[in-house]
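Remarks on the overall topology
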Amino acid sequence: MVGSLLASAVSEQKCTVPEMVAYDEAQALLAACTQNIPLLAPEFVSISQACGRVLAEDIRAEVPRPEADISAMDGYAFRCADMEKAGDIGLPLSGQIVAGDTPPPLEQGVAYSILTGARIPAGADCVVAQERTSIMNGHVHLLEQNARNGLNIRRSGEEFCKGDMLLGRGQRLDWRHLPLLAHQGKEQVAVYKRPKICVVANGAEFGATATDCRTELNTQLLATMLQNEGVLVTRCVCRSDSEEDLHKLLHQCAQEADILITTGGISVGQTDHVLPVLSQMGATCLFRRVKMRPGKPMTVMQLGQKMVFCLPGNPGAAAICAQLFVVPFLHGLTGAKQGENASKPIEGKSSFSYVAATDTTCFLPVHFTENRGENLINLVRSVGASDILCLTRASGLLKVSAGQSLQDGDVCEVIPFTV
Ligand SMILES: Nc1nc2c(c(=O)[nH]1)N[C@H]1C(S)=C(S)[C@@H](COP(=O)(O)OP(=O)(O)OC[C@H]3O[C@@H](n4cnc5c(N)ncnc54)[C@H](O)[C@@H]3O)O[C@H]1N2
Ligand code: MOO
């Protein structure tokens, strides 16, 4: 489905781009490509199914909140002027209002008992909390002279009025948004359709018969990361180094998915078949290899009308490339608001120095500590692109552009991980 939406973006992109692109250039190529992709089609889902989905419509209030003037306390509703006039005698209690009642107007010179959330009767202008009163001979007396107009009354529309914008198109829905939709009496809401993504790993080291067997990690890592973005993900592993097996699997995945994500098998080794197989299948390159670390082999292709993200096999590099390239692409596709979805950079002060090579943009795993009100950015120990431990110790990535030298004390921005 995304496939057809990608049609206009595919254009005549052959491998005319340079062999290896600078990081910013790779991002620009992808952003330009994303811009040409129309947003996904909307569909209606029930509110109970809407969590994690991206709104495809603006939601304006049709019903204000509170819906009417209501009491903020369990207590007594009356007219201030009546209470003042009654003095020591107090006001006779002549009714009880609970939440859900539509009370009759307040008669002259009386008080009603009222519960929190119940509608204020017409004519009452004050509610005094129960514990600030005493009842004697069926009359309400104030313990303090604190009654005033509007006391403990929540006015209709004080939270929002009819016509106010509640949620904007592109908002990713979570538990915070659902009460607003329910309040507006919505049973169904328009959300963008979810693209189907297939994550494909490969390598003989994941086969049961391998003598030096390894645990396949990346499909779990990537599927979980991307599911958090509200897409539908399936996982596949080619557990051999056979080009044929890989071809079969990728062909099958391409039939079923809107977007393909491969991991591993894209470097220059004899068993790195992913790119030749995709080329055989007719895929063309948006860019091939990026001047970045980790993630140098990162490649993006287009297979007919489908995007193919070829991530490195090293798990740390795969995770970082998915955060930097795939997640923002998905946000663009679903119209999800970047800021709302945790891609907003966080500012801090570096507690270390680092010099990036002249031709390589570096992404460093970092975490924050607080020091005298300042956000300090600390380098997390990492042994390189295969490191999965450092991901759990880091809260995001510090970008040091090619040729840049970062000084201890420099103010910079961290790209937080989406979690
Ligand atoms: N001669 C060169 N060798 C390498 C280069 C290079 O430029 N020239 N680049 C290095 C860089 S940088 C990276 S990153 C890796 C990427 O290679 P691949 O993407 O082809 O990945 P693989 O070789 O298949 O695997 C690398 C490493 O990661 C492990 N791996 C792979 N997939 C998974 C998975 N799904 N779950 C867990 N672990 C996985 C694999 O077992 C290897 O240990 O190439 C360098 N080499
Ligand atoms: O660039 Mo690779 O992803 O460093 O190991």
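This structure is a prediction, so every number in the text was calculated from the model and none was measured.

Another point: the site of ligand 1. The full set close to ligand 1 counts 19 residues, and Glu205, Glu216, Leu217, Ile266 and Gly313 are the nearest of them. The side chain of Glu216 places a nitrogen or oxygen atom 2.8 Å from a nitrogen atom of ligand 1. Within the backbone of Ile266, one N or O atom sits 2.9 Å away from an oxygen atom of ligand 1. When the free accessible area of ligand 1 is taken as 860 Å², the share hidden by the protein chains comes to 68%. Of the residues assigned to the shell around ligand 1, the class counts are eight nonpolar, seven polar and four charged.

Tallying each qualifying case throughout the model produces four aromatic pairs. Both rings, one in Phe287 and one in Phe325, keep their centres 5.8 Å apart while their planes meet at 45°; by these two values the pair is tilted. Placement of the pair is Phe287 in strand E17 (residues 284–288) and Phe325 in helix H9 (residues 315–334), with a sequence separation of 38 residues. Neither residue differs from the other here; Phe287 and Phe325 are each classed as buried. The rings of Tyr23, Phe287, Phe325 and Phe363 are connected pair by pair, giving a single aromatic cluster.

Scanning the model with the defined rule gives two cavities of 30 Å³ or more in all. For the largest cavity, the calculated volume is near 50 Å³. Around the largest cavity, the lining residues are Gly52, Arg53, Val54, Tyr192, Lys193, Arg194, Pro195, Glu229, Gly230 and Thr334. Each residue belonging to the lining of the largest cavity can be placed in one class, and the counts come to three nonpolar, three polar and four charged. The volume enclosed by the second largest cavity comes to roughly 30 Å³.

Parsing the chain into structural domains produces domain 1 (6–41 + 193–333), domain 2 (70–154) and domain 3 (346–416). Using only C-alpha atoms to locate each centre, domain 1 and domain 3 end up separated by 26 Å. Facing 15 residues of domain 1, the contacting portion of domain 3 comprises 15 residues. Of the roughly 1200 Å² buried between domain 1 and domain 3 on both sides combined, carbon and sulfur atoms contribute 68%. Linking domain 1 to domain 3 there are one salt bridge. The residue Lys399 makes a salt bridge to Asp24 at a minimum N-O spacing of 3.0 Å. Seen at the junction of domain 1 and domain 3, the total is six residue pairs in polar contact (both at pLDDT 80 or more). Those elements giving two or more residues to the side of domain 1 that touches domain 3 turn out to be helix H3 (23–35), strand E18 (290–293) and H9. Sorting elements by how many residues they give to the side of domain 1 that touches domain 3 places H9 first, with seven residues. Looking at side-chain class alone, the side of domain 1 that touches domain 3 contains nine nonpolar, three polar and three charged residues.

Moving on, we get to the sheet that holds E17. The strands making up a sheet associate through hydrogen bonds between their backbones, and the pairing can be parallel or antiparallel. The strand order across the open sheet formed by six strands is E15-E14-E16-E20-E19-E17, and the pairing between neighbours is mixed. One side of each edge strand has no neighbouring strand; the edge strands of this open sheet are strand E15 (232–238) and E17. Averaged over all adjacent pairs, the angle separating strand axes in this sheet is 20°, with direction ignored. Two strands pair when backbone bridges link them, and E17 and strand E19 (residues 299–303) are joined in this way by four bridges, in the antiparallel orientation. Note on E19: the bridge partner recorded for Cys285 is Met301. Along the sheet face, H3 touches E17, E19 and strand E20 (306–311) and points at about 140° away from the line of E17. Sheet strands in contact with helix H6 (residues 218–227) are strand E14 (196–202), E15, strand E16 (259–263) and E20, and its direction is about 170° off that of E15.

Let us look at the UniProt feature "domain: MoaB/Mog" (unreviewed entry) in the chain. Under the present numbering, the feature "domain: MoaB/Mog" (unreviewed entry) in UniProt falls on residues 198–332. Taken end to end, residues 198–332 comprises 36% helix and 27% strand; its first and last C-alpha atoms sit 18 Å apart.

The next point concerns the packing of H3 against H9. Relative to each other, H3 and H9 sit at 25°, their axes nearing to 10 Å. Compared by their axis directions, H3 and H9 come out roughly parallel. Here H3 runs over H9; the crossing is right-handed. Touching Tyr23, Ala26, Gln27, Leu30 and Thr34 of H3 are Leu324, Phe325, Phe329, Gly332 and Leu333, all from H9. Broken down by class, the residue content of the contact of H3 with H9 amounts to seven nonpolar, three polar and no charged.

Right, let's talk about the environment of Asp58 for a bit. Relative to the elements of secondary structure, Asp58 occurs in the loop between strand E2 (42–46) and strand E3 (59–60). A relative accessible area of 40% places Asp58 in the partly exposed class. Considered as a pair, Asp58 and Leu166 are 108 residues apart in the sequence and their alpha carbons are 7.8 Å apart. Ignoring sequence-local partners within four residues, the contact set of Asp58 consists of Met165, Leu167, Gly168 and Arg169. There is a polar contact of 2.8 Å between the side chain of Asp58 and the backbone nitrogen of Arg169.

Analysis parameters
- Residues numbered from 1 in each chain as written.
- Chains lettered and ligands numbered in written order.
- Predicted model: local features only at pLDDT ≥ 70, side-chain atom pairs only at ≥ 80, totals over all residues.
- Heavy atoms only, no water.
- Near = heavy atom within 4 Å.
- Polar contact = N/O pair within 3.5 Å; in protein donor to acceptor, adjacent residues only side chain to side chain.
- Areas by Shrake-Rupley, 256 points an atom, 1.4 Å probe, with all protein chains shown as cover.
- Nonpolar A, V, L, I, M, F, W, Y, C, P; charged D, E, K, R; others polar.
- Phe/Tyr/Trp six-rings, centres within 6.5 Å; stacked < 30°, edge-to-face > 60°.
- Helix = DSSP H or I, 4+ residues; strand = E, 2+ residues; numbered from the N terminus.
- Buried < 20%, exposed > 50% of the residue type's maximum accessible area, 1.4 Å probe, protein only.
- 1 Å grid on protein atoms, 1.4 Å probe; cavity = no way out; pocket = protein on both sides within 12 Å on 5 of 7 lines; lining within 4 Å.
- Points joined across faces, edges and corners; volume = space filled by probe spheres on them.
- Domains from an automatic or database assignment.
- Contact = heavy atoms within 4.5 Å.
- Buried area = accessible area lost by both parts, 1.4 Å probe.
- Salt bridge = Lys/Arg side-chain N within 4 Å of Asp/Glu carboxyl O.
- Pairing = 2+ DSSP bridges.
- Axes fitted to C-alpha atoms, helices over the stretch in contact; angles between N-to-C directions.
- UniProt positions renumbered as here; feature names shortened; annotations may be inferred.
- Parallel < 35°, antiparallel > 145°, perpendicular 65-115°, else oblique.
- Left-handed = near helix turned anticlockwise from the far one by under 90°.

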